[in-house]
Amino acid sequence: MKLAKTLPILLSLGAALGSASAWALPNDRDQPIRIQADDAQLDDKNGVATYKGDVIITQGSMKVTGNTVTITRTPAGDIDVVTSVGNLAYFEQMQTVGDTKPVQGYGVTIQYHASQDRVVLIDRAKVVDKDNNVTQGEKIVYDTVKKLASAGRATGSKVTESRPRIDMVIQPKKKTDEQKAQ
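Residues numbered from 1 in each chain as written. Predicted model: local features only at pLDDT ≥ 70, side-chain atom pairs only at ≥ 80, totals over all residues. Heavy atoms only, no water.

1. Overview of the overall build of the chain
The cut-off we apply is this: Each helix is a run of DSSP H or I of at least 4 residues and each strand a run of E of at least 2, with the numbering of both proceeding from the N terminus. Each residue's exposure class comes from its accessible area (1.4 Å probe, protein chains only) as a fraction of the maximum for that residue type: buried when under 20%, exposed when over 50%, partly exposed otherwise. Per-residue accessibility takes into account occlusion by the displayed protein chains alone, with areas from the Shrake-Rupley method and a 1.4 Å probe.
Across its full length, the chain carries 2 helices and 10 strands. For the chain, the α and β elements follow one another from N to C terminus as α-β-β-β-β-β-β-β-β-β-β-α. Here the chain, with 182 residues, has 41% of them falling under the buried criterion. As displayed, the chain offers around 10600 Å² of accessible surface, 50% of which is attributable to carbon and sulfur atoms.

2. A closer look at the packing of aromatic side chains
The test is simple: What counts as a ring pair is set by centres within 6.5 Å for rings of Phe, Tyr and Trp (its six-membered ring), and what kind of pair is set by the plane angle: stacked under 30 degrees, edge-to-face over 60, tilted for all other angles. Put simply, a charge is over a ring when the Lys NZ or the Arg CZ is close to the ring centre, within 6 Å, and near the line of the ring normal, within 35 degrees.
For the coordinates displayed, the defined rule picks out 1 aromatic pair. Note on Tyr90 and Tyr106: the rings are 5.1 Å apart at their centroids and 50° apart in plane angle, and the pair reads as tilted. Taken together, the residues Tyr90 in strand E5 (residues 79-93) and Tyr106 in strand E6 (residues 103-113) connect sequence positions 16 residues apart. The class of Tyr90 is buried, set by a relative accessible area of 11%. One residue, Lys126, lies across the ring of Tyr106, its end atom 5.8 Å from the ring centre.

3. Things to note about the nonpolar core
Rules: Note on terminology: a nonpolar core comprises buried Ala, Val, Leu, Ile, Met, Phe, Trp, Tyr and Cys residues joined through side-chain atoms within 4.5 Å.
Formed by 21 residues in total, the largest nonpolar core has its most connected members in Ile57, Val69, Ile71, Val82, Ile110 and Leu121. When contributions to this core are tallied by element, the ones reaching two or more residues are strand E3 (48-59), strand E4 (62-73), E5, E6 and strand E7 (118-128).

4. Some thoughts on the pattern of salt bridges
The following threshold applies: When a carboxyl oxygen of Asp or Glu is within 4 Å of a side-chain nitrogen of Lys or Arg, the pair counts as a salt bridge.
A full pass over the atoms with the stated rule returns 2 salt bridges. When the shortest N-O distance is used, the salt bridge between Arg73 and Asp44 registers 3.4 Å. Taken together, the positions of Arg73 in strand E4 and Asp44 in the loop between strand E2 (39-43) and E3 put the pair 29 residues apart, joining distant regions of the chain. We classify Asp44 as partly exposed; its relative accessible area is 30%. One salt bridge connects Lys130 with Asp99, and the closest N-O pair in it is separated by 3.4 Å. One end of the pair, Lys130, is in the loop between E7 and strand E8 (134-143); the other, Asp99, is in the loop between E5 and E6, with 31 residues separating them in the sequence. On the basis of relative accessibility, which here comes to 18%, the residue Asp99 falls in the buried class.

5. Remarks on the layout of surface pockets
Quick reminder of the rule: Buriedness of a pocket was judged along seven lines, with at least five required to meet protein on both sides within 12 Å; pockets are open sets of points on a 1 Å grid over the protein atoms alone, cavities are sets where a 1.4 Å probe fits but cannot get out, and lining residues have an atom within 4 Å of a point. Grid points are joined across faces, edges and corners, and a volume is the space filled by probe spheres set on the points. Classification convention: Asp, Glu, Lys, Arg as charged; Ala, Val, Leu, Ile, Met, Phe, Trp, Tyr, Cys, Pro as nonpolar; all other residues, Gly among them, as polar.
Space inside the largest pocket adds up to approximately 420 Å³. If you go around the largest pocket, you meet 20 residues; those closest to its centre are Val127, Asp129, Thr135, Tyr142 and Ala149. Those elements giving two or more residues to the lining of the largest pocket turn out to be E7, E8, strand E9 (148-152) and strand E10 (167-169). Of the residues forming the lining of the largest pocket, the biggest block, 4 residues, is contributed by E8. Classifying every residue of the lining of the largest pocket by side-chain character gives 13 nonpolar, 5 polar and 2 charged. Taken as a whole, the second largest pocket spans an internal volume of roughly 190 Å³. Lining of the second largest pocket is provided by Asp131, Asn133, Ile170, Gln171, Pro172, Lys173 and Lys174. Of the residues belonging to the lining of the second largest pocket, the class tally is 2 nonpolar, 2 polar and 3 charged.

6. Points about a nonpolar patch on the surface
For clarity, the threshold we go by: Patch membership needs two things, relative accessible area over 30% and no salt bridge, and members are linked within 9 Å if like-charged or within 5 Å if nonpolar (Val, Leu, Ile, Met, Phe, Trp, Tyr).
On the surface, a nonpolar cluster with roughly 310 Å² of combined accessible area is contributed by Ile166, Met168 and Ile170. Its location among the elements puts Ile170 in the loop between E10 and helix H2 (177-181).

7. A closer look at the confidence of the model for the chain
Put simply, the rule is: The predictor attaches a confidence to each residue, called pLDDT, with possible values from 0 through 100. Contact between two residues is taken to exist if any of their heavy atoms lie within 4.5 Å; hydrogens are not considered.
Of all residues in the chain, 81% attain a pLDDT of 70 or more, and the chain-wide mean is 79. Confidence scores differ between elements of the chain, with helix H1 (residues 3-18) showing the lowest mean pLDDT of 38 and E2 the highest of 94. Ignoring residues within four places in sequence, the model shows residues 1-23, a span with pLDDT below 50, making 48 contacts including any to other chains.

Shown next as structure tokens:
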């Protein structure tokens, strides 16, 4: 694997992961990207990089893991989609400075659509936020700019575990001593 061929992919990956700033700490995008895998196949002509074998990608507070991670680029060289597949694939990232726990996402497939600022978790999808609120379903879609989530059936996708209903657990807000006194 030659650095000259991987550098454009890594730089594009950094730009794509850094643009998920709605989920990220302010300095995450300025951090180095580290990719660990057992195998890497790079196809610069078609704009595809595939990493296999206990893949771990980190940048600042962001972490993506999976058995296989595929990164596709547009003809202009920008990241198009980052797809992590595993049993289960995993995503985490701190949302704000001072958080003690990251937002965590799980799914057999996790896709980050860079140009659409959208994260899609498919099959056994689960998101746990910093307050331990949990959303589970066949498919969860999160818009990182509008901070909107939708959950539902994974129509058109094969799933290993059918979930006809969404399951959410919302934790009660903790009251301060002042609020309790009132």
